[in-house]
Amino acid sequence: MSETILSIKDLKVNYGGIEAVKGISFDVTEGNIVTLIGANGAGKSSTLRTIAGLVKPAAGTLTFRGDNITGLDPTGIVKKGITLVPEGRRIFPDLTVLENLKMGAYLRNDDISEDINWVYDLFPRLKERSWQAGGTLSGGEQQMLAVGRALMSKPKMIMMDEPSLGLAPLVVKGIFDIIKEINKQGVTVLLIEQNANMALKIAHDAYVLETGRITMTGTGAELLANDDVKKAYLGKG
């Protein structure tokens, strides 16, 4: 039986006087794809940013592979084996594709050539454009590069914040196929996504966030078939 890789207990996140996350608890099972769905402002990005060490929690405990990671800075989080593909991709536009990938391995002291080849196998388009500046890539190619850069740290768990945002439907399908392939190769995935239909189709486990609270849980298939979820989140995609 698979074990819990990440455990979130009573997490609260505040921005000034605004409570963005209101005491949520959930687990991520190792080897699974787990998705958080919900409207804008539900607390999804705040949750991921807190796990990534970009935001300090107001309360609660984060445990990863048995270690308490609550309040660690981003470098400490990456060292533990968690990496984030941020919303909006945030690649380095003036660096080449290859240089962007090398930036993802900035904490490593070992040979990274095998992992660069792995990323190129996942994304042949990046190999074709390895010497091209990141900022000149299409939106879909930049998303591939953001994912590839995150994989260069050899994470145990990769978090993705709205990977389909602003992409054409055909490109979106390709991104979700890659998420499934990354997971198949042993990387746990924690995904937040407004395209709930696509996210739930690939998710093992899913949680609905509404105004900072988890209001529904189940497998991806269960939430995909739930009438309340259909009405609220599955009108598109």
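Summary of the structure given here. Fair warning: this is a prediction, and the values are worked out from it, not measured in the lab. (Residues numbered from 1 in each chain as written. Predicted model: local features only at pLDDT ≥ 70, side-chain atom pairs only at ≥ 80, totals over all residues. Heavy atoms only, no water.)

## Structural notes on the layout of surface pockets
Turning to step 1, where the next piece is worked out: Each pocket or cavity is described by its volume, and for the largest pocket that value is around 590 Å³.
Turning to step 2, where the next piece is worked out: Lining the largest pocket are 22 residues, and of these V78, T83, L84, P86 and R149 sit closest to its centre.
Turning to step 3, where the next piece is worked out: Those elements giving two or more residues to the lining of the largest pocket turn out to be helix 2 (74–80), strand 6 (82–85) and helix 6 (139–151).
Turning to step 4, where the next piece is worked out: At four residues, the largest contribution of residues to the lining of the largest pocket is made by strand 6.
Turning to step 5, where the next piece is worked out: Its residues placed into classes, the lining of the largest pocket shows 14 nonpolar, three polar and five charged. (1 Å grid on protein atoms, 1.4 Å probe; cavity = no way out; pocket = protein on both sides within 12 Å on 5 of 7 lines; lining within 4 Å. Points joined across faces, edges and corners; volume = space filled by probe spheres on them. Helix = DSSP H or I, 4+ residues; strand = E, 2+ residues; numbered from the N terminus. Nonpolar A, V, L, I, M, F, W, Y, C, P; charged D, E, K, R; others polar.)

## What to know about the nonpolar core
Turning to step 1, where the next piece is worked out: Formed by 38 residues in total, the largest nonpolar core has its most connected members in I158 and I179.
Turning to step 2, where the next piece is worked out: Elements that contribute at least two residues to this core include exactly helix 3 (97–103), helix 4 (113–122), helix 6, strand 7 (157–161), helix 7 (169–184), strand 8 (188–192) and helix 8 (196–202).
Turning to step 3, where the next piece is worked out: Excluding its chain neighbours within four sequence positions, the residues that come into contact with I158 are T83, V85, V147, A150, L151, V187, T188, V189 and L190.
Turning to step 4, where the next piece is worked out: Core analysis: the second largest hydrophobic core is formed by 28 residues, V21, L48, M159 and L209 among them. (Core = buried A, V, L, I, M, F, W, Y, C linked by side-chain atoms within 4.5 Å. Buried < 20%, exposed > 50% of the residue type's maximum accessible area, 1.4 Å probe, protein only. Contact = heavy atoms within 4.5 Å.)

## Quick look at the sheet that holds strand 4 (residues 59–64)
Two modes of strand pairing occur in sheets, parallel and antiparallel, and in both the strands are linked by backbone hydrogen bonds.
Turning to step 1, where the next piece is worked out: Read across the sheet, four strands follow the order 2-1-4-5 without closing on themselves; strand pairing throughout is antiparallel. Two strands close off the open sheet at either side, each with one partner strand: strand 2 (18–29) and strand 5 (67–68).
Turning to step 2, where the next piece is worked out: Here strand 1 (residues 4–15) pairs with strand 2 via nine bridges, running antiparallel. Directly across from S7, in strand 2, lies its bridge partner D27.
Turning to step 3, where the next piece is worked out: The strands that helix 1 (residues 44–51) touches are strand 1, strand 2 and strand 4; relative to strand 1, the one it contacts most, it runs at about 115°. (Pairing = 2+ DSSP bridges. Axes fitted to C-alpha atoms, helices over the stretch in contact; angles between N-to-C directions.)

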